[in-house]
Amino acid sequence: MQTWQQNRIYSAINGTNPMVMARLSGGFAVMGDTQFLPGYAVLLPKREVASLNDLSLSERTEFLKDMSILGDAVLQATGALRINDDILGNTDQFLHAHVFPRYVSEPPERLGKPVWLYSPDHWSAPLYQYDPKKHGRLRAEITRYLRDHLTGNDHMPN
């Protein structure tokens, strides 16, 4: 039996991905597994595809719009200096967009470079993993922003 981590999109669709904060018109806003930059979030598409180019033009438009709205939510909740959005697909072979808050408190040699240049332990050390006790308030703020800025029924509660 697959765990939710083995198919994050399918588990978001079927309601078993515990990291989902909201269902948006173009995808699912989820909290990042790692939080060395508190507020890090990911946007998953509504269907599993390999890349942005595999979506129709209208699906791409919705996905990218939602990526920017998720960035607004993270920026509002964190008070970060700026947001870095990133769609790569080199390691995980499915479309997903990273939304990273960047902080003035980061060392200058890190702040001016891509997040991916942080040391590998930032992606795997227990110290940086999402913890509801440590990150639950921030997650709730991001979720609230998304809920408050959506119209109609196109969202799901956490």
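See the structure above.
Reference entry: report on the structure contained in this document.

Calculation rules
Residues numbered from 1 in each chain as written. Predicted model: local features only at pLDDT ≥ 70, side-chain atom pairs only at ≥ 80, totals over all residues. Heavy atoms only, no water. Phe/Tyr/Trp six-rings, centres within 6.5 Å; stacked < 30°, edge-to-face > 60°. Pairing = 2+ DSSP bridges. Helix = DSSP H or I, 4+ residues; strand = E, 2+ residues; numbered from the N terminus. Axes fitted to C-alpha atoms, helices over the stretch in contact; angles between N-to-C directions. Contact = heavy atoms within 4.5 Å. Core = buried A, V, L, I, M, F, W, Y, C linked by side-chain atoms within 4.5 Å. Buried < 20%, exposed > 50% of the residue type's maximum accessible area, 1.4 Å probe, protein only. Parallel < 35°, antiparallel > 145°, perpendicular 65-115°, else oblique. Left-handed = near helix turned anticlockwise from the far one by under 90°. Expected span 1.5 Å × (residues − 1). Arc of directions from axis to C-beta.

**Some words on the packing of aromatic side chains**
- Here the structure, examined in full by the defined rule, presents 7 aromatic pairs.
- Measuring from ring centre to ring centre gives 4.9 Å for Trp116 and Trp123, while their planes differ by 15 degrees; the resulting arrangement is stacked.
- Put simply, the rings of Phe36, Tyr40, Phe100, Trp116, Tyr118, Trp123 and Tyr128 touch in pairs and so form one group of aromatic residues.

**Quick look at the sheet that holds strand E3 (residues 41–45)**
- The sheet built from 5 strands is open, its strands ordered E1-E2-E3-E5-E4 with antiparallel pairing. Each edge of the open sheet carries a strand with a single partner, namely strand E1 (20–23) and strand E4 (82–86). On average, each strand axis in the sheet is inclined to that of its neighbour by 20 degrees, with strand direction left out of account.
- Two strands pair when backbone bridges link them, and E3 and strand E5 (residues 97–102) are joined in this way by 3 bridges, in the antiparallel orientation. For Val42, the partnering residue across the bridge sits in E5 and is His98.
- Lying over the sheet, helix H2 (residues 57–78) contacts E1, strand E2 (27–31), E3, E4 and E5, oriented at roughly 160 degrees with respect to E3.
- With respect to the sheet, helix H5 (residues 132–148) is in contact with E1 and E2, its orientation differing from that of E1 by roughly 0 degrees.

**Brief notes about the pairing of E1**
- Taken together, the 3 bridges between E1 and E2 define a ladder with antiparallel strand orientation. Within E2, the residue paired with Arg23 across the bridge is Phe28.

**Considerations on the nonpolar core**
- One finds Leu44, Leu70, Ile142 and Leu146 to be the most contacted residues of the largest nonpolar core, which totals 44 residues.
- Mapped onto this core, the elements with two or more residues apiece are helix H1 (8–13), E1, E2, E3, H2, E5 and H5.
- Looking at which element gives the most residues to this core, the answer is H2, with 6 residues.
- Setting aside chain neighbours within four positions, we find Leu44 in contact with Arg8, Ile9, Ala12, Asn17, Gly26, Gly27, Phe28, Val30, Phe63, Phe94 and His96.

**So, the packing of H2 against H5**
- Their axes nearest at 9 Å, the elements H2 and H5 cross at an angle of 130 degrees. On the basis of their axis angle, the class for H2 and H5 is oblique. Along this stretch, H2 crosses H5, giving a crossing that reads as right-handed. On H5, the residues that touch Ile69, Leu70, Asp72, Ala73, Val74, Gln76, Ala77 and Thr78 of H2 are Leu138, Glu141, Ile142, Tyr145 and Leu146.

**What to know about H2**
- With 22 residues, H2 ought to run about 32 Å at 1.5 Å a step, and its terminal C-alpha atoms sit 31 Å apart, in line with that.
- Among the residues of H2, those classed as buried are Phe63, Asp66, Met67, Leu70, Gly71, Ala73, Val74, Ala77 and Thr78. Across the axial projection of H2, the buried residues extend over an arc of 160 degrees, all falling on one side. Exposed residues lying more than 90 degrees from the buried face of H2 are Leu57, Ser58 and Gln76.
- Looking at the buried residues of H2, the elements they touch are E1, E2, E3, E4, E5 and H5.
- Downstream of H2 by one or two residues, Gly79 has phi in the positive range, about 70 degrees.

Geometric descriptors of this kind do not, in isolation, establish any biological role.
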